[in-house]
Amino acid sequence: EVSIDTLGVVSGATTKELKVLEAQARSLGAATRFSAKQAAEGQLFLARAGFDSSEILQAMPGLLSFAAAGMLDLGTAADIASNTLAQFSLDATQTSRVSDVLVKTANSANTNVTQLAEALKLAGPIAGALGQSIEVTAAAIGVLGDSGIQGSRAGTNLRGVFAALLGPTTEARNAIEGMGIAIDQVDPSVKDINEI
């Protein structure tokens, strides 16, 4: 069972912040399909992912929606959401955005939230470093899913595409720029996919 003391130790929250977190867990327990205990467990999962009390408060509504829509347990939902936020340098206020993008992609492509998360583990860090949005990256993974390329295979393939964009041949550069895509928008300090 999650105790408020455990949440306090893991999150580093003050007594006042813990009272607010406890009130949020009770409120979410009354307003969602999750119990107050489960909401508190979600808060603890986020704290273990490095969220401070303010970030936990901001992320929890989106996390519970994500877990419900993605048919995930709260631990898995917190892991996926926190990893995705980090990959794209998004703050906790963007948890609902991440949830919406992943659930919409899973519902409109031949993939599911778990497979998307697996693909993002491999492609998300480089996509984020190259300035690609979660929307564009998830859509690309969805297209790969529609072709039967899912999970880690989709992530590996998309990562390869991004890596090729880091150092294209002259012929590839000309073809890409001929489509109106400016390769020089890539951060010039990133020379190698292994730096990401």
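Engineer: How should helix H4 (residues 53-69) be read in this particular structure?
Structural biologist: Each α-helix turn comprises 3.6 residues. Residues three or four places apart therefore point the same way. Along its 17 residues, H4 runs 24 Å from first to last C-alpha, staying within 8% of the 24 Å computed at 1.5 Å per residue. Every buried residue belonging to H4 is among Ser53, Ile56, Ala59, Met60, Gly62, Leu63, Leu64, Phe66 and Ala67, and all of these are buried. Residues of H4 that are buried sit in contact with helix H1 (4-11), helix H2 (15-31), helix H3 (36-48), helix H5 (74-87), helix H6 (95-108) and helix H7 (113-129).

Engineer: Just to check I follow, could you spell out unusual backbone geometry for this structure?
Structural biologist: Residues other than glycine seldom take positive phi values, yet Met71 does so here, at roughly 55 degrees. Positionally, Met71 belongs in the loop between H4 and H5. Phi at Ser89 is positive, roughly 55 degrees, even though this residue is not glycine. Relative to the helices and strands, Ser89 resides in the loop between H5 and H6. Ser89 gets classed as exposed once you look at its relative accessible area, which sits at 68%.

Engineer: What am I meant to see in the confidence of the model for the protein chain here?
Structural biologist: Segments scoring low in pLDDT should not have their predicted coordinates read at a detailed level. Averaged over every residue, the pLDDT of the protein chain is 88; residues scoring 70 or more account for 90%. The lowest-confidence element of the protein chain is helix H10 (residues 170-178), averaging 76 in pLDDT; the highest-confidence one is helix H8 (residues 134-146), averaging 96.

Engineer: Even after reading the chapter, I still don't get the pattern of salt bridges, so can you show me in this structure?
Structural biologist: Pairs can form between side chains of opposite charge once their charged atoms are near each other. Under the counting rule described, the total for this entry stands at three salt bridges. The residue Arg26 makes a salt bridge to Glu22 at a minimum N-O spacing of 3.0 Å. A residue pair is termed a helical-turn pair when its members lie 3 or 4 positions apart in one helix, as Arg26 and Glu22 do in helix H2 at four residues. When its relative accessible area of 56% is taken as the criterion, Arg26 is described as exposed. Linking Glu135 and Arg97 is a salt bridge whose minimum nitrogen-to-oxygen distance equals 2.8 Å. A residue pair is termed long-range when its members are at least 10 positions apart, and Glu135 in helix H8 and Arg97 in helix H6 qualify at 38 residues.

Engineer: Sorry if this is basic, but what is going on with the packing of H1 against H3 here?
Structural biologist: Between two packed helices, both the angle of their axes relative to each other and the distance between the axes serve to describe the pair. Packing of H1 against H3 leaves a shortest axis separation of 9 Å and a crossing angle of 20 degrees. If you check the angle between H1 and H3, you find them roughly parallel. For the pair H1 and H3, the sense of crossing is left-handed. Taken together, the residues of H3 that come into contact with H1 (itself represented by Thr6, Leu7, Val10 and Ser11) are Gln43, Leu44, Ala47 and Arg48. Its residues assigned to classes, the contact of H1 with H3 shows four nonpolar, three polar and one charged.

What counts as what
Residues numbered from 1 in each chain as written. Predicted model: local features only at pLDDT ≥ 70, side-chain atom pairs only at ≥ 80, totals over all residues. Heavy atoms only, no water. Helix = DSSP H or I, 4+ residues; strand = E, 2+ residues; numbered from the N terminus. Expected span 1.5 Å × (residues − 1). Buried < 20%, exposed > 50% of the residue type's maximum accessible area, 1.4 Å probe, protein only. Contact = heavy atoms within 4.5 Å. pLDDT = per-residue confidence, 0-100. Salt bridge = Lys/Arg side-chain N within 4 Å of Asp/Glu carboxyl O. Axes fitted to C-alpha atoms, helices over the stretch in contact; angles between N-to-C directions. Parallel < 35°, antiparallel > 145°, perpendicular 65-115°, else oblique. Left-handed = near helix turned anticlockwise from the far one by under 90°. Nonpolar A, V, L, I, M, F, W, Y, C, P; charged D, E, K, R; others polar.

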